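Examining the three-dimensional arrangement
For reference, the chains in residue letters:
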Amino acid sequence: MSDTLISEVETLKDSGVFTTNALENEAIYIMREVAAQFEKPVLLFSGGKDSITLVRLAQKAFYPAKIPFPLMHIDTGHNFPETIEFRDRLVKELGLELIVRDVQDSIDQGKVKEESGKYASRNSLQTTTLLDAIEEFKFDACIGGARRDEEKARAKERIFSVRDDFGQWDEKNQRPELFDMLNGQIEHGQNVRVFPISNWTELDVWSYIQKEEIEIPSIYFAHKRNIFLRDGLIWSAEDDIVFRAADEEVKEMVVRFRTVGDMSCTAAVESHADTIDRVVQEIRDSSISERGARIDDKRSEAAMEKRKQQGYF
């Protein structure tokens, strides 16, 4: 390799372009493998940055044809309004099929019980609704936006992660994945969770959004919001979802959300990053994981792993 070419490659690596292209190519390859190996795949869509990135990757994977599988959102009823508005607009603009199944229906049917109290959340209740939806539509592959840097239980996943006929995950019985050989063979009743951006980091996702100029919900950018403080975290006070004690004072602050889950379990961060360039720079400078603002991950040391074993995303 010439000195000039070596210099060019190093420049690409330093800029992030080299890495982004490799990750994009891998994710597109995985998307195409899903379409080739499975009969009824679906893309799990939350309206967050990771699932929005998956939609862009799916567009590229199958262009000029349309995305050959539907999107499905398991709606807890506690989503940020900005996220739901964005979801509906994106689906309409791209002409995509959207399936919505509601956690409230699972509650009304007595399949799950609503939590109460200071830290009540519907996040874990999504599992039952998701598994019912998979059975209803007979999906054999569910594409999700999980990344291995989010939480340590994620690192035990494979790109094609098999679930048994009860929708459960056995972390000790995962298939080896050699090079780029993805094994989609499953037994009757099993299904696979697929993670095309498994090797991405939070910064990779943001850099890709920046490079591709992908639109995302406004909640990700700094804005004035009525909030209150609890346990050192910043909570939205602009709704009736989040429990707030009488002594928890509401005040206005400039904040943004690094991750978008339920209002009841997703805290904001103080920030003035009101453009994508500023968000990317803020993530580069941050020493704290985005999951630090997700209270549901803090319930126990193994909270995420236990939910995944039960069939969580």
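Use the structure listed above.
Nothing here was measured: the structure is a model prediction, and the numbers come from that model. (Residues numbered from 1 in each chain as written. Predicted model: local features only at pLDDT ≥ 70, side-chain atom pairs only at ≥ 80, totals over all residues. Heavy atoms only, no water.)

The next subject is the nonpolar core. Counting 61 residues, the largest nonpolar core has Met-31, Leu-57 and Phe-160 as its most contacted members. Per-element accounting of this core gives the leading share, seven residues, to helix 3 (residues 49-62). Both domain 1 (11-208 + 302-309) and domain 2 (216-293) contribute no fewer than three residues apiece to this core. The next biggest cluster of nonpolar side chains, apart from the first, holds 14 residues, and it includes Val-42, Val-103, Ile-107 and Ile-134. (Core = buried A, V, L, I, M, F, W, Y, C linked by side-chain atoms within 4.5 Å. Buried < 20%, exposed > 50% of the residue type's maximum accessible area, 1.4 Å probe, protein only. Helix = DSSP H or I, 4+ residues; strand = E, 2+ residues; numbered from the N terminus. Domains from an automatic or database assignment.)

In this section: the packing of helix 3 against helix 7 (residues 202-212). Two numbers describe a pair of packed helices, the interaxial angle and the distance between the axes. Here helix 3 crosses helix 7 at 55 degrees, and the two axes come no closer than 10 Å. Classified by the angle their axes make, helix 3 and helix 7 are oblique. Considering only the axes of helix 3 and helix 7, their crossing is left-handed. Residues Lys-49, Asp-50, Thr-53, Arg-56, Leu-57 and Lys-60 of helix 3 lie in contact with helix 7, whose contacting residues are Glu-202, Val-205, Trp-206, Tyr-208, Ile-209 and Glu-212. Taken together, the residues of the contact of helix 3 with helix 7 break down into five nonpolar, one polar and six charged. (Axes fitted to C-alpha atoms, helices over the stretch in contact; angles between N-to-C directions. Parallel < 35°, antiparallel > 145°, perpendicular 65-115°, else oblique. Left-handed = near helix turned anticlockwise from the far one by under 90°. Contact = heavy atoms within 4.5 Å. Nonpolar A, V, L, I, M, F, W, Y, C, P; charged D, E, K, R; others polar.)

Attention now goes to the sheet that holds strand 7 (residues 223-230). Read across the open sheet, the four strands follow the order 8-7-9-10; overall the sheet is antiparallel. Each of the sheet's edge strands pairs with one partner strand only, and the pair in question is strand 8 (233-236) and strand 10 (269-270). For strand 9 (residues 251-256) and strand 10, the ladder comprises two bridges, and the chain directions are antiparallel. Looking at strand 10, one finds that Val-255 is bridged to Glu-270. (Pairing = 2+ DSSP bridges.)

Here we come to helix 8 (residues 276-285). Every buried residue belonging to helix 8 is among Val-279, Val-280 and Ile-283, and all of these are buried. Within helix 8, the buried residues cover an arc of 100 degrees as seen down the axis, which keeps them to one side. If you follow the buried residues of helix 8, they end up packed against helix 7 and strand 9. (Arc of directions from axis to C-beta.)

With that settled, consider the side chain of Thr-53. Note on placement: Thr-53 falls in helix 3. Once residues within four sequence positions are removed from consideration, Thr-53 is found in contact with Trp-200, Val-205, Tyr-208 and Ile-209.

This next bit is on the pairing of strand 2 (residues 71-75). The two faces of a sheet get side chains in turn, since along a regular strand they alternate between them. Of all five residues that make up strand 2, five are buried, and the element is covered over most of its length. Covered by surrounding structure in strand 2 are Leu-71, His-73 and Asp-75 together with Met-72 and Ile-74, the residues of both alternating faces. Across two bridges, the pairing between strand 1 (residues 41-44) and strand 2 is parallel. Looking at the pairing, Leu-43 lines up with Leu-71 of strand 2. Between the parallel elements strand 1 and strand 2, the chain passes through helix 3 in a crossover that is right-handed. Sheet analysis places strand 2 next to strand 3 (residues 98-102), joined by five bridges and oriented parallel. For His-73, the partnering residue across the bridge sits in strand 3 and is Val-100. Taken together, strand 2, helix 4 (residues 81-94) and strand 3 form a β-α-β motif whose crossover is right-handed. (Right-handed = clockwise from strand over helix to strand, strands pointing away.)

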